[in-house]
Amino acid sequence: MRIESSFLFDLDGTLVDSVYHHVLAWKEALDSEGIELSVWRIHRRIGMSGGLFMNQLLRETGGDFSAERVERLRQRHAHAYQRRHAQVRPLPGARELLEQLSRSGMRWAIATSGRMETAAQNLAALGIDPSRVPVVTRDDVRYAKPDPDLFIAAAERLGVPIETSIVVGDSIWDMLAAQRCRALGVGLLSGGYGQDELERAGALRVYEDPANLLRHLDEVAARR
């Protein structure tokens, strides 16, 4: 039998173990601006769009976020993350999962809320060449997660219907975005969200990490 489904993968916390590196990078950037925010609160926002992150931060802290300050925070986060990128590793089974999908003739793409300036290191860690694999980043769409634009754009690049695609992500923002574009959401625990949270956000199945998903691939992938 041949697998017919296509897969649209989030990147941070889904294929690479980088969520907490982003958390610490954001903490460093916020501290540099004198903005106090607990690490756990930052973690709850990883995976959503930067604009939504800033909007929630504004409501929570009551601070003033001009366009210049937002851009300064973004750049400081990017620089802080890049200093940590040598510590980032693929999650267990990530490379093997992608290799298996390619061997089976399965189409897959990457759709990340991060910009290419931070995603590039993660793609390199996975051995992914963006010139050969469809990669959609925040630079390519008007709105990021929980809006569905990233996944819709990734499906378009693959030339597949979004309704028959499987969105794999580690955050509630991935699952909400999947629901909004009528794709099947599959959650992974490797980004720090709990199974109940992912299921409430719309995940049909939840697995520990890419290795666990690979072992249960037949549970989510349609076959001819």
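Treat the numbers as computed from the prediction; the structure is a model and nothing was measured.

A. Focus on the pairing of strand E2 (residues 108-111). Because side chains alternate across E2, one face comprises the buried residues Trp108 and Ile110, and the other comprises Ala109 and Ala111, equally buried. Bridge analysis of strand E1 (residues 6-9) against E2 gives three bridges, and the strand direction is parallel. Looking at E2, one finds that Phe7 is bridged to Trp108. In terms of strand pairing, E2 meets strand E3 (residues 135-136) through two bridges, oriented parallel. Note that in E3 the partner of Ile110 across the bridge is Val135. In the classification by handedness, the crossover that spans E2, the intervening helix H6 (residues 116-126) and the parallel E3 is right-handed.

B. Structural detail: the pattern of salt bridges. Tallied over the full model, the rule gives 15 salt bridges. Between Asp10 and Lys145 there is a salt bridge, with its nearest N and O atoms 2.7 Å apart. Of the two residues, Asp10 is situated in the loop between E1 and helix H1 (19-32) and Lys145 in the loop between E3 and helix H7 (149-158); the sequence distance between them amounts to 135 residues. Judged on exposure class, the residue Asp10 and its partner Lys145 are both buried. The salt bridge partner of Asp196 is Arg200, with a shortest N-O separation of 3.5 Å. Note that Asp196 and Arg200 are positioned in helix H9 (residues 195-200) at a spacing of four residues, about one turn of the helix. Note on Asp196: relative accessible area 44%, which makes it partly exposed. A residue is classified by how much of its surface remains accessible, and Arg200, at 64% relative accessible area, is exposed. It is possible to trace a salt-bridge network through shared partners that takes in Glu33, Arg69, Arg72 and Arg76.

C. Local environment of the sheet that holds strand E4 (residues 165-169). Read from one edge to the other, the open sheet built from six strands follows the order E3-E2-E1-E4-E5-E6, with strand pairing classed as parallel. With partners counted over all chains shown, the strands left at the sheet margins are E3 and strand E6 (205-207), one partner each. Of the strands in this sheet, E1 and E2 touch helix H5 (residues 94-103), which is tilted by about 155° from E1. The strands touched by H7 within the sheet are E1, E2, E3 and E4, with E2 carrying the most contacts at an inclination of about 150°.

D. Summary view of helix H8 (residues 172-180). All of the buried residues in H8 are Ile172, Trp173, Asp174, Met175, Ala177 and Ala178. Those residues of H8 hidden inside the fold are in contact with helix H3 (50-61), H7, E4, strand E5 (184-188) and H9. With its phi angle positive at about 65°, Arg182 sits one or two positions after the end of H8.

Definitions and cut-offs
- Every chain begins its residue count from 1, and numbering advances along the sequence as written.
- Local features in this predicted model are restricted to residues of pLDDT 70 or higher, and side-chain atom pairs are both shown and tallied only at a pLDDT of 80 or more, whereas totals for entire chains, interfaces and linings draw on every residue.
- Each side-chain value is derived from all of the structure's non-hydrogen atoms; neither hydrogens nor water enter the calculation.
- Exposure categories follow from relative accessible area, calculated using a 1.4 Å probe and restricted to protein chains: below 20% of the type maximum is buried, above 50% is exposed, and the middle band is partly exposed.
- Helix and strand definitions follow DSSP, with helices as H or I runs of at least four residues and strands as E runs of at least two, each counted in order from the N terminus.
- The pairing criterion for strands is at least two bridges between them, as found by DSSP.
- A right-handed crossover is one whose linking path, passing over the helix from the first strand to the second, runs clockwise when the strands point away from the viewer.
- What counts as a salt bridge is simple: a side-chain nitrogen of Lys or Arg found within 4 Å of a carboxyl oxygen of Asp or Glu.
- Any two residues whose heavy atoms approach within 4.5 Å at even a single point are treated as in contact.
- Axis definition: a line fitted to C-alpha atoms, over the contacting stretch in the case of helices. Angles run 0 to 180 degrees between N-to-C directions.

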